[in-house]
Amino acid sequence: MNSLHAQLQRVRRRLLSIGAAAAIVWAVVAVSVLLLLGAWLDLLWEFSPSLRIAAVWASGVAGAAVLIAWGVASVFSMRDAVLARRLDRAGDGGGRILTGWELALGRYGIRGRTHSPLSAGLAGVAIADAAEAAKRVPLGQVAPAVPFVRSLTALLLLAVAVGLLAVCLPGVAWTQWNRFRRPLDDIPPFSSCQFKIEPGDVEVVYGGELEIRATVVGGIVDPLELVLESSSGTEPPVPMFPESGGVWRAVLAKVVEPMDYHVRADRARSRRYHVRVKTVPRIENARLRIVPPRYADRAAYEGPLPKDGVCGLPGTQVEVFLRSNRPLRGGTMTIAGARSDRSRDRSPRSSPPRNLEVALRPVEPGSQEVVGRFSIAGDGRFECRVIDEAGQTSQQSFSGGIVMLADQRPFVRLLEPQRTALATPTATLPVTLSAEDDCGISRLQLFRSLNESRPLPADLPRSARQRRRADASVRLPLDRYGLEPGDVITLFGRVEDNDPAGAKGAESPIATVRIVSQEEFNRIFRTREGIQAMLSKYDQARRRMESLAEQVEELRKKIDKLPKDEKLSQAMRDELQRLQKAMTVQADAIRKLAAHTLPYDLDKFLTPKLDELAAIADDVAKNVGGLRARKNLCNGKLSSELATLASRLDRGRRRFKQRVSEPLEYFEAVFRLLNDQQRFVQLAQWQRDLAGRLASLKGQDRKDDPAAKARMRDLEEEQRQVGDALAKLLEDIMEHSERLPQTKELESLRKTAQQFVRDVRASGAVEAIGQAESALAEFAATEAHRNAKRAAEILDRFIARCKGGMGDLACKCLRFQPQLSAGMGNTLQQLLEEAGAGIGNGMMDGYGMVGLYGGLPELVGDGAEYGEMREAHEGRGAGHGKRPNGENPDELRPGELLVPGSAAGAVGNEAPMRYRRQIGQYFERIAEETETK
């Protein structure tokens, strides 16, 4: 076996040697052929450097592929079985060598098993015979050198062919060799014509002229072109003109950027030459730093030139930084057209524009950045140029506009109380001021006056952070001033800015607060709120029950986290005591709500339901007290008992919601439309009354009568109020119809109300009211009366539809609710009568536009809808009705001040600061257009 294996190894080594040599030679042949092919293609089409590199890499890849292919083939051709078969075939052994190799591997079951000595002996004889036969076969016969000879012959033939080409075409061979040996170098393709270029690589001053000459050697060409290549791409060829002596010439008039150039004629070209530009300084980057005056309290700006130019208050410092591509010696900045007051720009006596020269200095010696500074003193324009160390001035410039901003006047708003307000003598009146200035606020004051006395100021404190915007709140405890019904308090605010040239001030409109009695306040409150007062009473009771249920559930969850068999701890008993106390407090609060009755039949019918709720809360509180008193109570039992109590509270709450809250919500949704119906009737009566009063002015059109004109102005304002009230009413009807519950019973009411709005808007009533208002503005009384009368007639036609359609449907929908119909009584009439109180003098919605400051003591409590009223009673003292000795109601006491807070959401009559400049520019443009026309 070992002898046979040794013979196979000898054959394998010879085959590997011959095959490797042949593969290497063939790889060289493949590389050479591909390189020759690439050189030939480069002669036909001039390859770019990247293509030449790709050709070199492709030839290398081809050679590597030949070697890899030989390696893969060797893996399969060098196996022992293949070599044994090859020996057998070369030595004409008739299969003895292959059979001996297979027996030696035990392929017929000789090795690895126990057989008879005879079989083993016969196998050994066969293996020895195969080894002897393999030794007698010559290696040259098994592995001849023919593959290597063939590859070597091919290589020699290729070398001869290349040598002949080099001898016959030495110029071509040398050129292609260099182009592929150094593919990145600029080596022109072979041509019989050679070019001598002057000046070759050259440096030109920026914007200078460049003359290029080309001499042709070795042939005649026509025409000759100059090709320019810059960073922006290849430009169209420039023709060169022939001169005597075979010289061609071209001139570039202005060179402004670096470029490469070469000359070409047909397929011949010169190598590329470089043109470097010696540039004058170029401004590559510009930035500004704008520092407002210190009093403006504004952050400095640093960055590129703003879109609107350099804008700032007088005295604003501006720094201009310019960076160049070359070291700079300095520069110049010209400020043109500056004036000290831009408000006089259109005046013919305005001073002529003046120019101001500012020197630019390097940031540091040898720096490429310079800086210049100036102060804003008027409108104008600036322009900058830089100068390099060689004394060359940049051809480009950096420029921008200068706009001097005016320090705007501040403004102040009195956010609270409203312009017209009512308050009780015991109320705490909140006063909120909001002031704003474009630069800063130096003082914020509140002026107060009682019964037309001289208004006295009081400075309001401001936060240190509130510089341009100041919000301050004051609480005035009216009970300290001993006020009585009929007294009138007037309030207004004043603000002053911090302009160093002289503080500018502004004042807010005056707010008038009339003192009314508690009874009058209650009546007015019900007039404005109406049904909301009744709804809040029962909603508060429902929320109190929900709060009790939540407290019980939270305590039960705490107990569930404890071991069930463990006895109740003292801490948990304390929790039960707190829960019992909370239930007792809530039950008392619900009974107080029940004790506060409203003058409505429905409220009298529903009040007993509050007593039922209070009884449930009391009963649950007693049960909680019993649980706390049980000594051996465990956590698990307590959790079960609390779950039962929570369920009882929830049932009571849900029963109250079904019997009281939901019917009341239903009633509110329908009542809104009934109230809208009454408002429409009253509005139609108002329009009819206005038309009747206008009849006395017929025939007094455009007379020069001051009294008649003054009356028409008053009637114009009243007609405007009617129009606004009608528009608001139609919007309310549409909104209230959309808020109706989505039930089949209310669908007809919803459609009727919405159709009513559409019909009124399409009837022409709104247009007639507008025409009457316009006629009054032009003092055309006759036309105003005609349009006002037409509007009244149109509205009268809708009164029948309003009462018979929408009103009847609303009453039917209320009768549909059993809980409502049982206790309705005269509630509708009572609410509608109260909602109609106060109608007149242009107030179509009662006291809706009047601020109310006071409280309904009976409803004050947690969760009440009147929670904002609770502050009105906190300052009630024993001195009501008497003026305290030595106490001036016009002086702010320390306790009357609140921490300055936000006044977000307020509506003012003046434009915010950030829009004032745009608004001013707009009106300036309008003025200019008007003057031009």
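Residues numbered from 1 in each chain as written. Predicted model: local features only at pLDDT ≥ 70, side-chain atom pairs only at ≥ 80, totals over all residues. Heavy atoms only, no water.

### Some details on the nonpolar core
In plain terms, the rule: For the purposes of this section, nonpolar cores are sets of buried Ala, Val, Leu, Ile, Met, Phe, Trp, Tyr and Cys residues that join through side-chain atoms within 4.5 Å. Using a 1.4 Å probe on the protein chains alone, a residue whose accessible area is under 20% of its type maximum counts as buried, one over 50% counts as exposed, and one in between counts as partly exposed. Segments assigned H or I by DSSP are reported as helices when at least four residues long, segments assigned E as strands when at least two residues long, and all are numbered from the N terminus.
Membership of the largest hydrophobic core comes to 44 residues, with the highest contact counts inside it found for Phe680, Leu694, Leu726, Ile733, Leu740, Val760 and Leu795. Residue assignment for this core shows that the elements contributing at least two residues are α13 (635-694), α14 (706-738), α15 (744-762), α16 (765-777) and α17 (781-816). No other element matches α13, which puts 11 residues into this core. With 41 residues, the next largest nonpolar core counts Ala549, Leu610, Ile616 and Val660 among its residues.

### Here we look at the sheet that holds strand β7 (residues 241-243)
Applied cut-off: We call two strands paired when DSSP finds no fewer than two bridges between them. Under this scheme, a helix contributes an axis fitted over its contacting stretch, all axes are lines through C-alpha atoms, and angles between N-to-C directions fall in the 0 to 180 degree range.
In spatial order, the strands read β1-β3-β8-β7; together these 4 strands make up an open sheet with antiparallel pairing. The strands lining the two open edges of the sheet, one partner per strand, are β1 (194-198) and β7. Neighbouring strand axes in the sheet, compared pairwise and without regard to direction, differ in orientation by 30° on average. Of the pairings in the sheet, the one linking strand β3 (residues 208-217) to strand β8 (residues 247-255) comprises 7 bridges and is antiparallel in character. Pairing of alanine 214 across the sheet is with tryptophan 248, part of β8.

### Details of a nonpolar patch on the surface
Going by this rule: Exposure above 30% relative accessible area and the absence of a salt bridge qualify a residue for a patch, where like charges join within 9 Å and nonpolar side chains (Val, Leu, Ile, Met, Phe, Trp, Tyr) within 5 Å. Each accessible area is a Shrake-Rupley result for a 1.4 Å probe, and residues are judged covered by the shown protein chains and nothing else. In the sections that follow, a salt bridge refers to a side-chain nitrogen of Lys or Arg positioned within 4 Å of a carboxyl oxygen of Asp or Glu.
On the surface, Leu34, Leu37, Trp40, Leu43, Leu44, Trp45 and Phe190 cluster together into a nonpolar patch covering about 670 Å² of accessible area. Here tryptophan 40 lies in helix α1 (residues 2-44). Look at tryptophan 40 and you get partly exposed, because its relative accessible area is 48%.

### Description of the sheet that holds strand β23 (residues 428-436)
Spatially, 3 strands are ordered β21-β23-β26 in an open sheet, and the strand pairing comes out antiparallel. A strand with exactly one partner marks an edge of an open sheet, and here the two such strands are β21 (411-416) and β26 (469-477). Across the sheet, the mean angle separating the axes of adjacent strands is 20° when strand polarity is ignored. For β23 and β26, the ladder comprises 9 bridges, and the chain directions are antiparallel. Across the sheet, proline 430 pairs through a bridge with arginine 475, a residue of β26.

### Here's the deal with helix α11 (residues 570-595)
Rules: One less than the residue count of a helix, multiplied by 1.5 Å, gives the span that helix is expected to have.
Between the first and last C-alpha of α11 there are 38 Å, a value that for 26 residues agrees with the 38 Å anticipated at 1.5 Å per step. Among the residues of α11, Met572, Arg573, Leu576, Leu579, Ala582, Met583, Gln586, Ala587, Ala589, Ile590, Leu593 and Ala594 are the ones counted as buried.

### Some remarks on the pattern of salt bridges
Taken as a whole, this structure holds 42 salt bridges when the rule is applied. The residue glutamate 369 makes a salt bridge to arginine 287 at a minimum N-O spacing of 3.5 Å. Taken together, the positions of glutamate 369 in strand β18 (residues 369-375) and arginine 287 in strand β12 (residues 283-291) put the pair 82 residues apart, joining distant regions of the chain. The shortest N-O distance in the salt bridge between aspartate 499 and lysine 504 comes to 2.8 Å. Here aspartate 499 falls in the buried class, since its relative accessible area comes to 16%. Linked by salt bridges that have partners in common, Asp539, Arg542, Glu546, Asp650, Arg653 and Arg654 make up one network.

### Details of unusual backbone geometry
With glycine set apart, most residues show a phi of negative sign, and most peptide bonds adopt trans. The omega torsion across glutamate 198 and proline 199 is 10°, close enough to zero to call that bond cis. Along the polypeptide, proline 199 turns up in the loop between β1 and β2 (202-205). The phi angle at asparagine 451 is positive, at roughly 55°, despite the residue not being glycine. Relative to the helices and strands, asparagine 451 resides in the loop between β24 (441-450) and β25 (456-459). The phi dihedral of phenylalanine 779 is positive, around 60°, even though this residue is not glycine. On the basis of relative accessibility, which here comes to 15%, the residue phenylalanine 779 falls in the buried class.

### Re the environment of lysine 278
The condition that has to hold: What makes two residues a contact is simply this: any of their non-hydrogen atoms within 4.5 Å.
With respect to the helices, strands and loops of the structure, lysine 278 is situated in strand β11 (residues 273-278). C-alpha of lysine 278 to C-alpha of valine 255: the two residues are 23 residues apart in sequence and 9.8 Å apart in space. What lysine 278 contacts, discounting residues up to four positions off in sequence, is Glu203, Val204, Val205 and Tyr206.

### With respect to the confidence of the model for the protein
So the rule is basically this: Note on scores: pLDDT gives the predictor's confidence for each residue, bounded by 0 and 100.
On average, the protein scores 75 in pLDDT, and the residues at 70 or more come to 74%. Counting interchain partners and residues more than four positions distant, the pLDDT-below-50 stretch residues 837-848 has 25 contacts. Taken as a whole, residues 857-910 scores under 50 in pLDDT and shows 118 contacts with residues more than four places along the chain or in a different chain.

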